[in-house]
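# A look at the structure
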Amino acid sequence: MIVECLVIFAIIFAILIIFLRTNKEHAIETVPLLILPGTNILANFFSDVISRFLPFDPFIICAVLNIIAVIVSSLLVGICSLKFKTKSNKITYASMCIIFNIVLASILIVNLYS
């Protein structure tokens, strides 16, 4: 799923660039969505190297790194949601971003397992 994560990363990064050119104050809200695909790409490349130093399987290392990425991204989503003025916008932004991260991490971990 490295290619898929690269495509997801590129699409979200393109959205970030578009927001930087048009609406700079909302560009930072797309950054938390880049964390999970970027971490998964790096985890796939470096999990074998890390597993040499730690007594864990590369699958476990990738899964744990993906879960940590979801947690970090969710925390950043919570921080970024404070910039919205209305409560409904905060809830919508936070819930959609967190659901995206959880679903993507679930797909990535299941794909690693099989």
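The notes below deal with the structure included here. Keep in mind it's a predicted model, so treat the numbers as computed, not measured. (Residues numbered from 1 in each chain as written. Predicted model: local features only at pLDDT ≥ 70, side-chain atom pairs only at ≥ 80, totals over all residues. Heavy atoms only, no water.)

A few words on the packing of aromatic side chains. Enumeration according to the criterion identifies three aromatic pairs in this entry. When the centroid spacing of 6.3 Å and the interplanar angle of 5 degrees are considered together, the rings of F9 and F13 count as stacked. Linking F9 with F13, this pair stays in helix α1 (residues 2–22), spanning four residues, or about one helical turn. When its relative accessible area of 30% is taken as the criterion, F9 is described as partly exposed. Geometrically, the ring pair formed by F84 and Y93 is tilted, given 5.1 Å between the ring centres and 50 degrees between the ring planes. (Phe/Tyr/Trp six-rings, centres within 6.5 Å; stacked < 30°, edge-to-face > 60°. Helix = DSSP H or I, 4+ residues; strand = E, 2+ residues; numbered from the N terminus. Buried < 20%, exposed > 50% of the residue type's maximum accessible area, 1.4 Å probe, protein only.)

So, about the nonpolar core. Listed in full, the eleven residues of the largest apolar core are I12, L16, A27, L33, L34, V77, C80, F84, Y93, A94 and C97. Counting residues per element, the ones that place at least two in this core are α1, α2 (32–53), α3 (58–80) and α4 (87–113). With three residues, the top contributor of residues to this core is α4. Among residues more than four places away in sequence, those in contact with C80 are I28, E29, P32 and Y93. In terms of nonpolar packing, the next biggest core, distinct from the first, is built from nine residues, I35, I41, L104 and L108 among them. (Core = buried A, V, L, I, M, F, W, Y, C linked by side-chain atoms within 4.5 Å. Contact = heavy atoms within 4.5 Å.)

So, about the packing of α3 against α4. Relative to each other, α3 and α4 sit at 175 degrees, their axes nearing to 10 Å. What the angle tells us is that α3 and α4 run roughly antiparallel. Of α4, the residues touching α3 (which contributes F59, C62, A63, N66, I67, V70, S73, S74, V77 and C80) are Y93, A94, C97, I98, N101, I102, A105, L108, I109, L112 and Y113. When grouped by side-chain class, the residues that make up the contact of α3 with α4 number 17 nonpolar, four polar and no charged. (Axes fitted to C-alpha atoms, helices over the stretch in contact; angles between N-to-C directions. Parallel < 35°, antiparallel > 145°, perpendicular 65-115°, else oblique. Nonpolar A, V, L, I, M, F, W, Y, C, P; charged D, E, K, R; others polar.)

Okay, the packing of α2 against α3 next. For any two helices packed against each other, the geometry comes down to the angle between their axes and how far apart the axes lie. It is at 8 Å that the axes of α2 and α3 come closest, and there the two elements cross at 155 degrees. Between α2 and α3, the angle is such that the two are roughly antiparallel. Considering how the two elements wind past one another, α2 and α3 form a crossing that is right-handed. Where α2 abuts α3, its residues P32, L33, I35, L36, T39, N40, A43, N44, S47, D48, I50 and S51 lie against P58, I61, C62, L65, N66, A69, V70, V72, S73, L76, V77 and C80. (Left-handed = near helix turned anticlockwise from the far one by under 90°.)

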